[in-house]
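# Observations on the three-dimensional arrangement
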Amino acid sequence: MDSGKMPAKSEISEFYKGQSIFITGGSGFMGKVLVEKLLYSCSDVKEIFILMRPKRGRVPESRLEDMFKLPMFQRIREEKPEVLKKLVPVQGDVTFDGLGLSGETLDRVLKSTSIVFHMAATLRLEAKLKDAIDMNTTGTRRVLDVCRKMPNLKVLIHLSTAFCYCDKEVLHEKVYECPHNPHDLIRCAEWMDEKTLDNITANLIAPHPNTYTYSKRLAEILVRNEYPNLPVVIARPSIVIPANEEPLPGWVDSLNGPIGLMVGGAKGVIRSMLCNGEYRAEVIPVDIAINGLITIAHTHSINPSKSKDVPVYNITCSEEKKLTWGEVLKQGKELGFKYPFEAGIWYPGGEITTNKIVHTLTVIFCHWLPAYFIDFLMFLLGQKRFMVRIQTRISDGLEVLQFFTTRQWDFRSENFKGLFGKLNSVDEKIFTMDTVSIDNVEYLKKVILGGRQYCLKEPLTTLPKARMQLKVLYVLDVTAKFVLGGLLIWYLLSVFNLKEPLFSLFERKEISILAD
């Protein structure tokens, strides 16, 4: 771009003017941030269709009203409340043929839509293969089937994951071959009973650690096979974490992934995790990832790809900004003591390790024994037991996440980085994808305060009380360690018959001192 000319407006916002957008997964963590950003920064969009299913007896319209009440929509409610009318809830589900759309609703969506963001997926890493394929793989096929009927479609952004090729030491921005045909797996999941499928899952998905990454890899093959007949693009973010700035600093509404670990550690529930502290943490703030998706859709709409291969973007942080897991833990602990969560089960602590024996012993003595002890107390007091159930969920979650924290990942992101130079100075600010300028310590502070406020509903006004509670827990922790350590020494002395010789030694020293 000519540096001598000062752009007067956002080219990206101007492009989205009058566009009709169709979003699947719009009620998820990333989906809500995408909706909010489009409404706030691309306010002249014509309409945004959000595919939503009824949930817990609530119709999509009611769910949308509840969504508008979230803190993340505060700036829209205050500055641009009228744009909320541009959201059009569409009742449907990616697990239904035709996405569950029919009649006038289907006609309107097909005729109007020009941009599609397919973000719906089951993010449960431990999901059964049948469910993962139905949602992530077959669901993608159903979206593609609908998109083929859209006469005005400019671009379809398929949201994948940077971890869907676990067997690759280096992940370039391209689709790799899969040993299995996705259509065969779809048919297999349809006719095979769940028990039989469960029995063969481990061997079938190898080397993938879970059904999520495997089903997303299959989905990429389906998307690739539609190119260039459909204007498809694949976007692969790494682990998506709380917002840096938008819609709110530290915004997060889910305890999945690293946030759950942070909260578990801060509450004293998690004391050990298998993780190599020297490996880089492959994470990306949600607002950076969403700005990337919006920019990718703009780029490929105004300049359709002429490449023979489907366009792929690995949405990851710049290499110079990637912290190691050890650095994240060290800085996170320091900030966690300054901005503590309200009283948890025990004083925050714990470490990461690559030693499975040390980890297993720590889990037994610091996770499971306290959990059973607390539940026993609850039983004696006639209260509902909960700790073993929580610890079971934590154990399952750690088992899945530890695959990603004990391996070094190498994601190449030339295409994603290339987007930066295509933005004018206005768009560089509105749709920033710059991670280099982010202050790591300040960002981690936002993450901790965000998890505190938005996930646990602990207002910042409770920080003084939380700091006092932390001091009390510290005293209890030191006292308990001192008492338990003394009891352990006493037990060992008894077992090895060392009490009498030790006492005799002290008596002789005492007599010697008195004699002197």
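Relevant structure appears above.
Per the secondary structure count, the protein includes 19 helices and eleven strands. The principal-axis extent of the C-alpha atoms belonging to the protein is close to 105 × 60 × 45 Å. For the protein, with 516 residues in total, the buried portion stands at 49%. Pairs at least 24 apart in sequence give 83% of the contacts found in the protein among residues at least 6 apart. Entry remark: accessible area of the protein is about 25,900 Å², with carbon and sulfur atoms responsible for 57%. Of the side-chain charges in the protein, 66 are positive and 60 negative, and the distance between the mean point of each set is 2 Å.

In terms of nonpolar packing, the biggest core is built from 141 residues, with Tyr16, Leu38, Phe117 and Leu293 touching the most fellow members. With residues up to four places along the chain from it excluded, the contact list for Leu293 reads Met30, Phe117, Met119, Ile157, Leu159, Ala235 and Ile315.

Glancing now at the state of the cysteines. Within this structure, the stated rule accounts for zero disulfides. Looking at the unpaired Cys455, the closest cysteine sulfur is the one in Cys317, lying at 19 Å. Look at Cys455 and you get buried, because its relative accessible area is 18%.

Opposite charge on two side chains allows them to pair when their charged atoms are near. Applying the stated rule across the entire model yields 29 salt bridges. Among the salt bridges present, the one from Lys128 reaches Asp198, with a minimum N-O distance of 3.1 Å. Residue Lys128 is found in the loop between strand 4 (115-118) and helix 6 (129-147), and its partner Asp198 is found in helix 8 (residues 194-205); the two are separated by 70 residues along the sequence. Look at Lys128 and you get partly exposed, because its relative accessible area is 37%. Note on Asp198: relative accessible area 29%, which makes it partly exposed. Sharing partners across several salt bridges, the network here consists of Glu36, Lys37, Arg75 and Glu246.

This part takes up the pairing of strand 1 (residues 20-24). Burial of strand 1 is extensive: five of the five residues sit out of reach of the surface. Side chains of strand 1 alternate between two faces, with Ser20, Phe22 and Thr24 and Ile21 and Ile23 buried alike. Across five bridges, strand 1 lies against strand 2 (residues 47-52) in parallel orientation. Bridge pairing links Ser20 to Glu47 in strand 2.

For the rest of this paragraph, the subject is the packing of helix 12 (residues 325-338) against helix 17 (residues 440-455). Between helix 12 and helix 17, whose axes approach to 10 Å, the crossing angle comes to 60 degrees. As judged from the angle between their axes, helix 12 and helix 17 are oblique. Of the two elements, helix 12 crosses helix 17, and the hand of that crossing is right-handed. Across from Val328, Gln331, Gly332, Leu335 and Gly336 in helix 12, the residues of helix 17 making contact are Asn440, Val441, Leu444, Lys445 and Ile448. Class assignment of the residues belonging to the contact of helix 12 with helix 17 gives a composition of five nonpolar, four polar and one charged.

Along the chain, Glu399 turns up in helix 14 (residues 387-405). Here the alpha-carbon distance between Glu399 and Pro237, two residues 162 residues apart in the chain, equals 22 Å.

In this structure, the second largest pocket spans a volume of roughly 790 Å³. Counting residues per element, the lining of the second largest pocket draws most heavily on helix 13 (residues 356-380), which supplies eight residues. Class assignment of the residues belonging to the lining of the second largest pocket gives a composition of 13 nonpolar, four polar and three charged.

This paragraph deals with the sheet that holds strand 3 (residues 87-91). Strand order in the open sheet formed by seven strands is 3-2-1-4-5-6-10, with parallel pairing between adjacent strands. Both outer strands of the open sheet, strand 3 and strand 10 (312-315), are each paired with one neighbouring strand and no more. Sheet twist, expressed as the average angle between the axes of neighbouring strands with direction ignored, equals 20 degrees. Of the pairings in the sheet, the one linking strand 1 to strand 4 comprises four bridges and is parallel in character. By the bridge assignment, Phe22 is partnered in strand 4 with Val116. Helix 3 (residues 60-68) rests against strand 2 and strand 3 of the sheet, and its axis sits at about 140 degrees to strand 3.

Looking now at a nonpolar patch on the surface. On the surface, Phe373, Phe376, Leu377, Phe379, Leu380 and Leu381 cluster together into a nonpolar patch covering about 650 Å² of accessible area. Residue position: Leu377 is located in helix 13. The class of Leu377 is partly exposed, set by a relative accessible area of 34%.

Next up on the list: the environment of Pro179. For Pro179, the location among the structural elements is in the loop between strand 5 (155-159) and helix 7 (182-191). When the C-alpha positions of Pro179 and Leu218 are compared, they lie 9.6 Å apart, and in sequence the two are 39 residues distant.

Evaluated as defined, the whole model comprises 15 aromatic pairs. Each ring, one from Trp368 and one from Tyr372, has its centre 6.4 Å from the other, and the planes form 40 degrees; the classification is tilted. Of this pair, Trp368 and Tyr372 both sit in helix 13, separated by four residues, roughly a single helical turn. Here Trp368 falls in the partly exposed class, since its relative accessible area comes to 23%. Residue Tyr372 is classed as exposed on the basis of its relative accessible area, which comes to 52%. One aromatic cluster is present, formed by Phe163, Phe403, Phe404, Trp409 and Phe411 through successive ring pairs. Directly above the ring of Phe431 sits Lys37, whose terminal nitrogen or CZ lies 5.0 Å from the centroid. Just above the ring of Tyr40 sits the side chain of Arg75; from NZ or CZ to the centre is 3.8 Å.

Reading the values: rules and limits
- Residues numbered from 1 in each chain as written.
- Predicted model: local features only at pLDDT ≥ 70, side-chain atom pairs only at ≥ 80, totals over all residues.
- Heavy atoms only, no water.
- Helix = DSSP H or I, 4+ residues; strand = E, 2+ residues; numbered from the N terminus.
- Buried < 20%, exposed > 50% of the residue type's maximum accessible area, 1.4 Å probe, protein only.
- Contact = heavy atoms within 4.5 Å.
- Areas by Shrake-Rupley, 256 points an atom, 1.4 Å probe, with all protein chains shown as cover.
- Lys, Arg positive; Asp, Glu negative; His and termini not counted.
- Charge placed at Lys NZ, Arg CZ, Asp CG, Glu CD.
- Core = buried A, V, L, I, M, F, W, Y, C linked by side-chain atoms within 4.5 Å.
- Disulfide = S-S within 2.5 Å.
- Salt bridge = Lys/Arg side-chain N within 4 Å of Asp/Glu carboxyl O.
- Pairing = 2+ DSSP bridges.
- Axes fitted to C-alpha atoms, helices over the stretch in contact; angles between N-to-C directions.
- Parallel < 35°, antiparallel > 145°, perpendicular 65-115°, else oblique.
- Left-handed = near helix turned anticlockwise from the far one by under 90°.
- Nonpolar A, V, L, I, M, F, W, Y, C, P; charged D, E, K, R; others polar.
- 1 Å grid on protein atoms, 1.4 Å probe; cavity = no way out; pocket = protein on both sides within 12 Å on 5 of 7 lines; lining within 4 Å.
- Points joined across faces, edges and corners; volume = space filled by probe spheres on them.
- Patch = residues over 30% accessible without salt bridge, like charges linked within 9 Å, V, L, I, M, F, W, Y side chains within 5 Å.
- Phe/Tyr/Trp six-rings, centres within 6.5 Å; stacked < 30°, edge-to-face > 60°.
- Lys NZ or Arg CZ within 6 Å of the ring centre and 35° of its normal.

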